[in-house]
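Read off the chains here:
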Number of protein chains: 2
Amino acid sequence: MDDILQVSPIADIFTDFPDKFGLPRQSGRASALLGTIVFRPEYRAQEALRGLDEFSHIWLLFGFSQHFLKGWHPTVRPPKLGGNERTGVFASRSPFRPNPLGLSCVKLEEIRPSDANGPILIVSGVDMVSATPIYDIKPYITYADSHPEAVSGFAARHSKDRLAVRFADGIQEKIRPDKMQGLIQCLQDDPRPSYHTDDARIYHMRFSEYDIGFFISDGVVTVTCADEL
Amino acid sequence: MDDILQVSPIADIFTDFPDKFGLPRQSGRASALLGTIVFRPEYRAQEALRGLDEFSHIWLLFGFSQHFLKGWHPTVRPPKLGGNERTGVFASRSPFRPNPLGLSCVKLEEIRPSDANGPILIVSGVDMVSATPIYDIKPYITYADSHPEAVSGFAARHSKDRLAVRFADGIQEKIRPDKMQGLIQCLQDDPRPSYHTDDARIYHMRFSEYDIGFFISDGVVTVTCADEL
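Residues numbered from 1 in each chain as written. Chains lettered and ligands numbered in written order. Predicted model: local features only at pLDDT ≥ 70, side-chain atom pairs only at ≥ 80, totals over all residues.

A. Main features of the overall build of chain A. If you tally the helices and strands in chain A, you get two helices and 13 strands. Here chain A has a C-alpha radius of gyration of 19 Å; the compact-globule value for 229 residues is 17 Å, and the two agree. Its C-alpha atoms give chain A principal-axis dimensions of about 50 × 40 × 35 Å. With 229 residues in all, chain A has 46% of them scored as buried. In chain A, once contacts between residues fewer than 6 apart in sequence are set aside, the share between residues at least 24 apart is 70%. (Helix = DSSP H or I, 4+ residues; strand = E, 2+ residues; numbered from the N terminus. Rg over C-alpha atoms; globule rule 2.2 N^0.38 Å. Buried ≥ 20, exposed ≤ 12 C-beta atoms within 10 Å, placed from the backbone. Contact = placed C-beta atoms within 7 Å.)

B. Here's a closer look at the relation of the copies chain B and chain A. The two copies are related by a screw operation: chain B maps onto chain A through 180 degrees of rotation and 0.0 Å of translation along the axis, at an RMSD of 0.0 Å. Taken together, the rotation and translation describe the operation of a two-fold axis. (Least-squares fit on C-alpha atoms with pLDDT ≥ 70 in both.)

C. Main features of helix α2 (residues 177–188) of chain A. The end-to-end C-alpha separation of α2 of chain A is 17 Å, in line with the 16 Å expected for 12 residues at 1.5 Å each. Turning to α2 of chain A, its buried residues number three or more, namely Gly182, Leu183, Ile184, Cys186 and Leu187 of chain A. (Expected span 1.5 Å × (residues − 1).)

D. Summary view of unusual backbone geometry. Positioned with a positive phi, Ala131 of chain A is a non-glycine residue whose angle comes to about 75 degrees. Note that Ala131 of chain A resides in the loop between β8 (120–124) and β9 (132–139). Even without glycine at this site, Asp190 of chain B takes up a positive phi of about 60 degrees. Along the chain, Asp190 of chain B turns up in the loop between α2 (177–188) and β11 (203–207).

E. Representation of the pairing of strand β4 (residues 57–63) of chain B within the structure. Residue and element names in this part refer to chain B. Of all the seven residues making up β4, seven are buried; the element is thus mostly covered by neighbouring parts of the structure. Pairing geometry for β4 and strand β7 (residues 101–112), over seven bridges, is antiparallel. Looking at the pairing, Gly63 lines up with Leu101 of β7. Looking at chain direction, β4 and strand β9 (residues 132–139) are connected through five bridges and run antiparallel. Within the sheet, the bridge partner assigned to Leu60 lies in β9 and is Ile137. (Pairing = 2+ DSSP bridges.)

F. Representation of the sheet that holds strand β3 (residues 34–39) of chain A within the structure. All names here are of chain A. Read around the closed barrel, six strands run β2-β3-β8-β7-β4-β9, paired in antiparallel fashion. Each strand axis lies, on average, 45 degrees off the axis of its neighbour in the sheet, ignoring direction. With five bridges connecting them, strand β7 (residues 101–112) and β8 associate as antiparallel partners. Note on β8: the bridge partner recorded for Leu108 is Val123. (Axes fitted to C-alpha atoms, helices over the stretch in contact; angles between N-to-C directions.)

G. Focus on the domain arrangement of chain A. All names here are of chain A. What the domain assignment lists for chain A is domain 1 (11–145) and domain 2 (162–228). A separation of 23 Å is found between the C-alpha centroids of domain 1 and domain 2. With 17 residues of domain 1 at the contact, the number on the domain 2 side is 14 residues. (Domains from an automatic or database assignment.)

H. Main features of the environment of Pro79 of chain B. Residues and elements named next belong to chain B. With respect to the helices and strands, Pro79 occurs in the loop between β5 (75–76) and β6 (87–88). The sequence separation of Pro79 and Pro193 amounts to 114 residues, and the corresponding C-alpha distance is 7.2 Å. Residues in contact with Pro79, not counting those within four places in the same chain, are Arg25 and Ser194.

I. Spotlight on the sheet that holds strand β12 (residues 210–217) of chain B. All names here are of chain B. Read from one edge to the other, the open sheet built from four strands follows the order β10-β13-β12-β11, with strand pairing classed as mixed. Of all the strands in the sheet, just β10 (164–167) and β11 have a single pairing partner and so form its edges. With strand direction ignored, the average angle separating the axes of adjacent strands in the sheet is 35 degrees. When β12 meets strand β13 (residues 220–228), the two strands line up antiparallel, connected through eight bridges. Paired with Gly213 across the bridge in β13 is Cys225. Lying over the sheet, α2 contacts β10, β11, β12 and β13, oriented at roughly 125 degrees with respect to β10.

J. Expanded view of the nonpolar core. Ile134 of chain A together with Ile134 of chain B are the most contacted members of the largest nonpolar core, which totals 116 residues. Every residue in contact with Ile134 of chain B, bar those within four places of it in the chain, is listed here: Pro9, Ile10, Ala11, Asp12, Ile13, Ile37, Leu60, Leu61 and Phe62 of chain B. (Core = buried A, V, L, I, M, F, W, Y, C linked by C-beta atoms within 7 Å.)

K. Looking closely at the environment of Pro139 of chain B. Looking at the element boundaries, Pro139 of chain B is found in strand β9. With 28 C-beta atoms counted inside 10 Å, the residue Pro139 of chain B sits in the buried group. Linking Pro139 of chain B and Gly51 of chain B, residues 88 residues apart in sequence, is a C-alpha distance of 9.7 Å. Residue contacts for Pro139 of chain B: discarding those within four places in its chain leaves Ala91, Ser92, Arg93, Ser152 and Ala155 of chain A together with Leu52, Phe55 and Ile58 of chain B.

L. The interface of chain B and chain A, seen in detail. Taken together, the 66 residues of chain B in the interface contact 66 residues of chain A. When contributions to the side of chain B that touches chain A are tallied by element, the ones reaching two or more residues are β1 (5–7), β4, β6, β7, β9 and α1 (142–145) of chain B. If you tally residues by element for the side of chain B that touches chain A, the top one is β9 of chain B, at six residues. Here the side of chain B that touches chain A is composed, by residue class, of 36 nonpolar, 20 polar and 10 charged. Sheet analysis places strand β1 (residues 5–7) of chain A next to β1 of chain B, joined by three bridges and oriented antiparallel. Residue pairing across strands places Gln6 of chain A opposite Gln6 of chain B, the latter belonging to β1 of chain B. (Nonpolar A, V, L, I, M, F, W, Y, C, P; charged D, E, K, R; others polar.)

The structure is reproduced here in C-alpha coordinates:
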(Lines give C-alpha, C1' and ligand atoms only; values in the text may rest on other atoms or scores of the structure.)
Protein backbone atom coordinates (compact mmCIF):
# COMPACT_ATOMS: atom_id res chain seq x y z
CA MET A 1 0.00 0.00 0.00
CA ASP A 2 1.24 3.45 -0.76
CA ASP A 3 -0.06 4.95 2.48
CA ILE A 4 2.19 3.11 4.86
CA LEU A 5 3.81 5.59 7.21
CA GLN A 6 7.31 5.03 8.52
CA VAL A 7 7.96 6.37 12.00
CA SER A 8 11.32 6.53 13.73
CA PRO A 9 12.00 6.83 17.46
CA ILE A 10 12.79 10.32 18.65
CA ALA A 11 13.79 9.05 22.11
CA ASP A 12 13.90 6.06 24.42
CA ILE A 13 12.51 5.77 27.92
CA PHE A 14 14.31 3.91 30.67
CA THR A 15 12.30 2.53 33.57
CA ASP A 16 12.61 0.04 36.43
CA PHE A 17 11.05 -2.73 34.33
CA PRO A 18 13.35 -4.83 32.20
CA ASP A 19 10.40 -7.16 31.54
CA LYS A 20 6.69 -6.83 30.94
CA PHE A 21 5.73 -8.81 34.06
CA GLY A 22 4.81 -6.46 36.91
CA LEU A 23 4.26 -3.39 34.72
CA PRO A 24 1.38 -1.17 35.77
CA ARG A 25 -1.60 -1.78 33.53
CA GLN A 26 -2.08 1.91 32.70
CA SER A 27 -0.06 5.06 33.04
CA GLY A 28 -0.49 6.85 36.36
CA ARG A 29 -1.46 3.66 38.24
CA ALA A 30 1.91 3.74 39.97
CA SER A 31 2.51 7.45 40.34
CA ALA A 32 5.91 7.00 42.00
CA LEU A 33 7.44 5.04 39.14
CA LEU A 34 9.96 7.25 37.37
CA GLY A 35 11.16 7.10 33.81
CA THR A 36 14.09 8.81 32.12
CA ILE A 37 13.62 9.94 28.54
CA VAL A 38 16.79 10.24 26.49
CA PHE A 39 16.49 11.73 23.02
CA ARG A 40 18.05 10.13 19.99
CA PRO A 41 21.05 12.12 18.72
CA GLU A 42 19.23 13.88 15.87
CA TYR A 43 16.56 15.22 18.29
CA ARG A 44 18.86 16.53 21.03
CA ALA A 45 17.91 20.16 20.54
CA GLN A 46 17.11 22.06 23.70
CA GLU A 47 14.89 24.41 21.65
CA ALA A 48 12.60 21.51 20.61
CA LEU A 49 11.50 21.50 24.29
CA ARG A 50 11.09 25.27 24.64
CA GLY A 51 7.94 25.97 26.65
CA LEU A 52 7.46 22.37 27.74
CA ASP A 53 8.15 23.42 31.35
CA GLU A 54 4.77 25.18 31.29
CA PHE A 55 3.03 21.79 31.20
CA SER A 56 2.55 19.43 34.12
CA HIS A 57 1.72 16.35 32.04
CA ILE A 58 2.78 15.02 28.65
CA TRP A 59 1.68 12.33 26.23
CA LEU A 60 4.08 9.67 25.09
CA LEU A 61 3.39 7.81 21.85
CA PHE A 62 5.54 4.74 22.09
CA GLY A 63 6.13 1.37 20.53
CA PHE A 64 5.17 -1.91 22.14
CA SER A 65 8.63 -3.08 21.26
CA GLN A 66 8.47 -6.63 22.52
CA HIS A 67 5.31 -7.25 20.59
CA PHE A 68 6.17 -6.09 17.10
CA LEU A 69 6.24 -9.56 15.69
CA LYS A 70 3.33 -11.20 17.42
CA GLY A 71 0.54 -9.91 15.22
CA TRP A 72 -2.99 -9.07 16.30
CA HIS A 73 -6.42 -10.62 16.61
CA PRO A 74 -9.80 -8.80 16.44
CA THR A 75 -10.46 -9.64 20.09
CA VAL A 76 -8.27 -9.65 23.21
CA ARG A 77 -8.71 -10.69 26.84
CA PRO A 78 -8.22 -7.62 29.00
CA PRO A 79 -7.05 -8.31 32.57
CA LYS A 80 -9.90 -6.11 33.85
CA LEU A 81 -12.36 -8.68 32.60
CA GLY A 82 -10.65 -11.46 34.51
CA GLY A 83 -8.74 -12.72 31.50
CA ASN A 84 -11.54 -14.94 30.25
CA GLU A 85 -13.93 -12.58 28.52
CA ARG A 86 -12.97 -11.29 25.11
CA THR A 87 -13.38 -7.70 23.99
CA GLY A 88 -12.59 -5.97 20.70
CA VAL A 89 -9.02 -4.85 20.20
CA PHE A 90 -10.21 -1.29 19.52
CA ALA A 91 -12.13 -1.34 22.80
CA SER A 92 -8.91 -2.16 24.66
CA ARG A 93 -5.48 -0.73 25.31
CA SER A 94 -3.88 -4.11 24.67
CA PRO A 95 -0.42 -4.05 23.08
CA PHE A 96 -1.52 -6.64 20.52
CA ARG A 97 -2.91 -4.18 17.98
CA PRO A 98 -2.75 -3.76 14.22
CA ASN A 99 -0.26 -0.92 14.73
CA PRO A 100 1.72 -1.53 17.94
CA LEU A 101 1.52 2.06 19.18
CA GLY A 102 1.01 2.82 22.86
CA LEU A 103 -0.30 6.00 24.42
CA SER A 104 0.46 7.07 27.98
CA CYS A 105 0.01 10.22 29.97
CA VAL A 106 2.87 10.82 32.39
CA LYS A 107 3.71 13.62 34.76
CA LEU A 108 6.63 15.80 33.76
CA GLU A 109 8.84 16.00 36.85
CA GLU A 110 11.96 17.64 35.49
CA ILE A 111 13.70 18.82 32.34
CA ARG A 112 17.44 18.44 32.78
CA PRO A 113 19.38 20.77 30.55
CA SER A 114 21.75 19.59 27.88
CA ASP A 115 24.66 17.41 28.75
CA ALA A 116 26.51 14.84 26.73
CA ASN A 117 23.22 13.01 26.00
CA GLY A 118 21.17 16.08 25.25
CA PRO A 119 18.27 17.24 27.41
CA ILE A 120 16.75 14.55 29.60
CA LEU A 121 13.12 14.37 30.75
CA ILE A 122 12.26 12.80 34.10
CA VAL A 123 8.63 11.64 34.18
CA SER A 124 6.49 9.74 36.67
CA GLY A 125 3.56 7.35 36.42
CA VAL A 126 5.19 5.30 33.67
CA ASP A 127 3.84 1.98 32.42
CA MET A 128 6.36 0.83 29.85
CA VAL A 129 9.33 -1.53 29.87
CA SER A 130 12.79 -0.05 29.91
CA ALA A 131 14.28 0.98 26.56
CA THR A 132 10.88 1.45 24.95
CA PRO A 133 11.13 3.60 21.81
CA ILE A 134 9.15 6.85 21.81
CA TYR A 135 7.79 8.23 18.57
CA ASP A 136 6.28 11.46 19.79
CA ILE A 137 5.95 13.67 22.85
CA LYS A 138 2.99 16.05 23.05
CA PRO A 139 1.89 18.41 25.79
CA TYR A 140 -1.24 17.45 27.70
CA ILE A 141 -3.83 20.12 26.91
CA THR A 142 -6.36 19.99 29.70
CA TYR A 143 -9.31 21.54 27.87
CA ALA A 144 -9.01 19.06 24.98
CA ASP A 145 -7.67 15.94 26.72
CA SER A 146 -9.32 15.87 30.13
CA HIS A 147 -12.86 14.50 30.23
CA PRO A 148 -13.59 13.59 33.84
CA GLU A 149 -17.20 12.86 32.86
CA ALA A 150 -16.21 10.23 30.30
CA VAL A 151 -17.64 6.76 30.74
CA SER A 152 -15.05 4.00 30.56
CA GLY A 153 -17.13 0.86 30.67
CA PHE A 154 -15.39 -2.26 31.85
CA ALA A 155 -12.07 -0.43 32.15
CA ALA A 156 -13.47 1.46 35.13
CA ARG A 157 -14.42 -1.68 37.04
CA HIS A 158 -12.10 -2.54 39.89
CA SER A 159 -9.93 0.46 39.05
CA LYS A 160 -9.92 1.44 42.72
CA ASP A 161 -9.23 -2.05 44.08
CA ARG A 162 -5.83 -2.23 45.74
CA LEU A 163 -4.26 -5.11 47.59
CA ALA A 164 -2.40 -4.73 50.86
CA VAL A 165 1.37 -5.26 50.65
CA ARG A 166 3.59 -6.60 53.43
CA PHE A 167 7.19 -7.72 53.54
CA ALA A 168 8.65 -10.86 55.06
CA ASP A 169 11.16 -10.20 57.83
CA GLY A 170 14.33 -8.48 56.72
CA ILE A 171 13.16 -7.89 53.12
CA GLN A 172 12.11 -4.27 53.35
CA GLU A 173 15.60 -3.22 54.43
CA LYS A 174 17.10 -4.65 51.25
CA ILE A 175 15.24 -2.23 49.00
CA ARG A 176 16.43 1.30 48.31
CA PRO A 177 14.02 3.75 49.95
CA ASP A 178 13.53 5.69 46.68
CA LYS A 179 12.29 2.53 44.98
CA MET A 180 9.90 1.44 47.70
CA GLN A 181 6.79 3.44 46.88
CA GLY A 182 6.80 2.53 43.17
CA LEU A 183 7.26 -1.14 43.98
CA ILE A 184 4.40 -1.12 46.48
CA GLN A 185 2.09 0.63 43.99
CA CYS A 186 2.83 -2.03 41.36
CA LEU A 187 2.19 -4.88 43.77
CA GLN A 188 -1.02 -3.30 45.07
CA ASP A 189 -2.46 -3.64 41.56
CA ASP A 190 -1.98 -7.43 41.50
CA PRO A 191 0.57 -8.15 38.78
CA ARG A 192 -0.55 -11.75 38.35
CA PRO A 193 -2.10 -12.84 35.09
CA SER A 194 -5.84 -12.69 35.78
CA TYR A 195 -6.43 -16.38 35.36
CA HIS A 196 -3.87 -17.20 38.05
CA THR A 197 -5.31 -17.55 41.50
CA ASP A 198 -2.83 -20.02 42.87
CA ASP A 199 -2.23 -18.92 46.44
CA ALA A 200 0.80 -21.13 46.89
CA ARG A 201 2.72 -19.88 43.91
CA ILE A 202 5.66 -17.53 44.29
CA TYR A 203 6.00 -15.09 41.42
CA HIS A 204 9.17 -13.27 40.47
CA MET A 205 9.46 -9.92 38.83
CA ARG A 206 12.54 -7.95 37.93
CA PHE A 207 12.25 -4.44 39.29
CA SER A 208 15.07 -1.93 39.20
CA GLU A 209 18.16 -3.86 40.36
CA TYR A 210 16.14 -6.47 42.24
CA ASP A 211 14.61 -9.86 41.77
CA ILE A 212 11.37 -9.44 43.71
CA GLY A 213 9.59 -12.61 44.87
CA PHE A 214 6.03 -12.50 46.19
CA PHE A 215 2.89 -14.49 46.73
CA ILE A 216 -0.70 -13.32 47.05
CA SER A 217 -3.18 -14.82 49.43
CA ASP A 218 -6.46 -13.47 50.85
CA GLY A 219 -5.96 -10.09 49.18
CA VAL A 220 -2.50 -9.57 50.68
CA VAL A 221 0.75 -9.45 48.73
CA THR A 222 3.68 -10.83 50.70
CA VAL A 223 7.15 -10.00 49.41
CA THR A 224 9.42 -12.91 50.18
CA CYS A 225 12.65 -11.88 48.50
CA ALA A 226 14.41 -8.83 47.11
CA ASP A 227 17.78 -9.96 45.84
CA GLU A 228 20.10 -7.81 43.83
CA LEU A 229 20.38 -9.05 40.28
CA MET B 1 17.98 2.56 11.23
CA ASP B 2 16.62 -0.85 12.00
CA ASP B 3 13.98 0.41 14.43
CA ILE B 4 11.81 2.20 11.95
CA LEU B 5 8.20 1.15 12.47
CA GLN B 6 5.80 0.91 9.55
CA VAL B 7 2.20 1.72 10.36
CA SER B 8 -0.76 1.26 8.03
CA PRO B 9 -4.16 2.95 8.25
CA ILE B 10 -6.85 0.86 9.84
CA ALA B 11 -9.56 3.37 8.85
CA ASP B 12 -10.25 6.79 7.39
CA ILE B 13 -12.31 9.57 8.88
CA PHE B 14 -14.57 11.77 6.78
CA THR B 15 -15.45 15.24 8.05
CA ASP B 16 -16.87 18.54 6.80
CA PHE B 17 -13.39 19.91 6.09
CA PRO B 18 -11.88 19.22 2.69
CA ASP B 19 -9.11 21.71 3.59
CA LYS B 20 -7.11 22.62 6.65
CA PHE B 21 -8.35 26.21 6.76
CA GLY B 22 -11.15 26.55 9.29
CA LEU B 23 -10.38 23.34 11.19
CA PRO B 24 -10.81 23.53 14.96
CA ARG B 25 -7.44 23.87 16.62
CA GLN B 26 -8.05 20.97 19.00
CA SER B 27 -10.48 18.12 19.29
CA GLY B 28 -13.66 18.96 21.21
CA ARG B 29 -13.45 22.69 20.42
CA ALA B 30 -16.37 22.29 18.03
CA SER B 31 -18.41 19.63 19.77
CA ALA B 32 -21.10 19.55 17.05
CA LEU B 33 -18.70 18.64 14.26
CA LEU B 34 -19.31 15.06 13.24
CA GLY B 35 -16.96 12.61 11.63
CA THR B 36 -17.59 9.23 10.03
CA ILE B 37 -14.98 6.54 10.50
CA VAL B 38 -14.89 3.87 7.82
CA PHE B 39 -12.58 0.92 8.38
CA ARG B 40 -10.22 -0.35 5.73
CA PRO B 41 -11.37 -3.68 4.30
CA GLU B 42 -8.97 -5.84 6.33
CA TYR B 43 -10.25 -4.32 9.62
CA ARG B 44 -13.99 -4.57 8.96
CA ALA B 45 -14.62 -7.04 11.76
CA GLN B 46 -17.53 -6.24 14.01
CA GLU B 47 -15.88 -8.19 16.81
CA ALA B 48 -12.86 -5.84 16.81
CA LEU B 49 -15.29 -3.25 18.25
CA ARG B 50 -16.88 -5.54 20.82
CA GLY B 51 -17.38 -3.62 24.06
CA LEU B 52 -16.58 -0.23 22.52
CA ASP B 53 -20.17 0.84 23.16
CA GLU B 54 -19.33 0.93 26.87
CA PHE B 55 -17.10 3.97 26.27
CA SER B 56 -18.27 7.54 25.74
CA HIS B 57 -15.00 8.82 24.29
CA ILE B 58 -12.24 7.36 22.14
CA TRP B 59 -8.73 8.32 21.07
CA LEU B 60 -7.85 8.57 17.43
CA LEU B 61 -4.20 8.29 16.39
CA PHE B 62 -4.12 9.74 12.93
CA GLY B 63 -1.77 10.98 10.25
CA PHE B 64 -1.30 14.60 9.35
CA SER B 65 -1.64 13.53 5.75
CA GLN B 66 -1.19 16.87 4.06
CA HIS B 67 2.02 17.44 5.92
CA PHE B 68 3.94 14.26 5.36
CA LEU B 69 6.46 15.86 3.07
CA LYS B 70 7.03 19.19 4.70
CA GLY B 71 9.47 18.10 7.35
CA TRP B 72 9.86 19.54 10.80
CA HIS B 73 11.78 22.22 12.69
CA PRO B 74 12.71 22.17 16.40
CA THR B 75 10.43 25.15 17.01
CA VAL B 76 6.95 26.09 15.74
CA ARG B 77 4.67 29.12 16.05
CA PRO B 78 1.48 28.03 17.79
CA PRO B 79 -1.60 30.13 17.00
CA LYS B 80 -2.24 30.45 20.77
CA LEU B 81 0.91 32.54 21.03
CA GLY B 82 -0.25 34.93 18.32
CA GLY B 83 1.80 33.26 15.61
CA ASN B 84 4.94 35.25 16.36
CA GLU B 85 6.43 33.54 19.37
CA ARG B 86 8.21 30.25 18.85
CA THR B 87 7.85 27.22 21.07
CA GLY B 88 9.43 23.79 20.93
CA VAL B 89 7.79 21.25 18.66
CA PHE B 90 7.44 18.80 21.59
CA ALA B 91 5.68 21.53 23.60
CA SER B 92 3.09 21.90 20.85
CA ARG B 93 0.44 19.88 19.04
CA SER B 94 1.60 21.27 15.69
CA PRO B 95 1.30 18.89 12.71
CA PHE B 96 4.87 19.69 11.67
CA ARG B 97 6.54 17.06 13.83
CA PRO B 98 9.31 14.49 13.36
CA ASN B 99 6.64 11.77 13.08
CA PRO B 100 3.43 13.26 11.67
CA LEU B 101 1.10 11.54 14.12
CA GLY B 102 -1.92 13.36 15.53
CA LEU B 103 -3.85 12.54 18.68
CA SER B 104 -7.47 13.54 19.25
CA CYS B 105 -10.12 12.66 21.76
CA VAL B 106 -13.58 12.48 20.20
CA LYS B 107 -16.96 11.54 21.53
CA LEU B 108 -18.37 8.25 20.32
CA GLU B 109 -21.92 8.99 19.15
CA GLU B 110 -22.88 5.80 17.39
CA ILE B 111 -21.64 2.44 16.21
CA ARG B 112 -23.50 1.45 13.04
CA PRO B 113 -23.54 -2.26 12.51
CA SER B 114 -21.97 -3.93 9.53
CA ASP B 115 -23.12 -3.08 6.06
CA ALA B 116 -21.30 -3.14 2.76
CA ASN B 117 -18.53 -0.94 4.21
CA GLY B 118 -18.24 -2.73 7.52
CA PRO B 119 -19.11 -1.15 10.85
CA ILE B 120 -19.09 2.66 10.85
CA LEU B 121 -18.30 4.90 13.82
CA ILE B 122 -19.96 8.30 14.14
CA VAL B 123 -17.95 10.62 16.37
CA SER B 124 -18.20 14.29 17.36
CA GLY B 125 -15.74 17.00 18.27
CA VAL B 126 -13.43 16.20 15.34
CA ASP B 127 -10.51 18.37 14.28
CA MET B 128 -9.12 16.66 11.20
CA VAL B 129 -9.52 17.15 7.48
CA SER B 130 -11.70 14.75 5.58
CA ALA B 131 -10.11 11.48 4.45
CA THR B 132 -7.48 11.56 7.20
CA PRO B 133 -5.95 8.12 7.76
CA ILE B 134 -6.36 6.61 11.22
CA TYR B 135 -3.71 4.29 12.60
CA ASP B 136 -5.31 3.35 15.87
CA ILE B 137 -8.49 3.68 17.91
CA LYS B 138 -8.28 3.30 21.68
CA PRO B 139 -10.92 3.66 24.36
CA TYR B 140 -10.66 6.72 26.62
CA ILE B 141 -9.93 5.41 30.10
CA THR B 142 -10.97 8.13 32.49
CA TYR B 143 -8.81 7.17 35.45
CA ALA B 144 -5.65 7.11 33.31
CA ASP B 145 -6.38 9.80 30.70
CA SER B 146 -8.33 12.50 32.50
CA HIS B 147 -6.26 14.94 34.56
CA PRO B 148 -8.45 17.97 35.18
CA GLU B 149 -5.76 19.36 37.49
CA ALA B 150 -3.10 19.34 34.76
CA VAL B 151 -1.43 22.64 33.95
CA SER B 152 -1.35 23.45 30.23
CA GLY B 153 0.77 26.60 30.12
CA PHE B 154 0.30 28.76 27.07
CA ALA B 155 -2.17 26.31 25.54
CA ALA B 156 -4.67 27.29 28.22
CA ARG B 157 -4.52 31.01 27.44
CA HIS B 158 -7.47 32.35 25.53
CA SER B 159 -8.99 28.87 25.41
CA LYS B 160 -12.30 30.33 26.55
CA ASP B 161 -12.33 33.29 24.16
CA ARG B 162 -15.09 32.99 21.62
CA LEU B 163 -16.14 35.46 18.97
CA ALA B 164 -19.73 36.36 18.24
CA VAL B 165 -21.03 35.09 14.89
CA ARG B 166 -23.70 36.78 12.78
CA PHE B 167 -24.98 36.18 9.27
CA ALA B 168 -25.60 38.72 6.52
CA ASP B 169 -29.21 38.84 5.32
CA GLY B 170 -30.43 35.71 3.64
CA ILE B 171 -27.28 33.67 4.36
CA GLN B 172 -28.43 31.65 7.33
CA GLU B 173 -31.29 30.15 5.32
CA LYS B 174 -28.85 28.70 2.80
CA ILE B 175 -27.18 26.43 5.34
CA ARG B 176 -28.56 23.04 6.35
CA PRO B 177 -29.76 23.21 9.94
CA ASP B 178 -27.73 20.15 10.94
CA LYS B 179 -24.54 21.89 9.82
CA MET B 180 -25.20 25.20 11.54
CA GLN B 181 -23.94 24.57 15.05
CA GLY B 182 -20.63 23.04 13.95
CA LEU B 183 -20.03 25.94 11.56
CA ILE B 184 -20.73 28.52 14.26
CA GLN B 185 -18.41 26.76 16.71
CA CYS B 186 -15.58 26.80 14.17
CA LEU B 187 -16.08 30.49 13.39
CA GLN B 188 -16.31 31.43 17.09
CA ASP B 189 -12.74 30.22 17.48
CA ASP B 190 -11.40 32.66 14.87
CA PRO B 191 -10.07 30.55 12.00
CA ARG B 192 -7.78 33.31 10.72
CA PRO B 193 -4.05 32.78 10.81
CA SER B 194 -2.98 34.59 13.98
CA TYR B 195 -0.89 37.19 12.22
CA HIS B 196 -3.86 38.33 10.13
CA THR B 197 -5.82 41.19 11.63
CA ASP B 198 -7.06 42.74 8.42
CA ASP B 199 -10.64 43.79 9.14
CA ALA B 200 -11.46 44.38 5.50
CA ARG B 201 -10.43 40.96 4.24
CA ILE B 202 -12.99 38.34 3.32
CA TYR B 203 -11.83 34.82 4.03
CA HIS B 204 -13.22 31.72 2.41
CA MET B 205 -13.38 28.27 3.88
CA ARG B 206 -14.83 25.11 2.43
CA PHE B 207 -17.18 23.51 4.90
CA SER B 208 -19.41 20.55 4.10
CA GLU B 209 -20.94 21.37 0.70
CA TYR B 210 -20.48 25.13 1.10
CA ASP B 211 -18.07 27.87 0.26
CA ILE B 212 -18.31 30.00 3.39
CA GLY B 213 -17.17 33.63 3.16
CA PHE B 214 -16.68 35.75 6.28
CA PHE B 215 -14.90 38.73 7.70
CA ILE B 216 -14.02 39.54 11.29
CA SER B 217 -14.22 42.99 12.78
CA ASP B 218 -14.41 44.18 16.40
CA GLY B 219 -14.65 40.62 17.70
CA VAL B 220 -17.60 39.72 15.48
CA VAL B 221 -17.54 37.19 12.65
CA THR B 222 -19.89 38.14 9.82
CA VAL B 223 -20.74 35.40 7.35
CA THR B 224 -21.23 36.99 3.95
CA CYS B 225 -21.74 33.99 1.71
CA ALA B 226 -22.65 30.30 1.89
CA ASP B 227 -22.68 29.03 -1.68
CA GLU B 228 -23.00 25.41 -2.60
CA LEU B 229 -19.78 24.14 -4.10
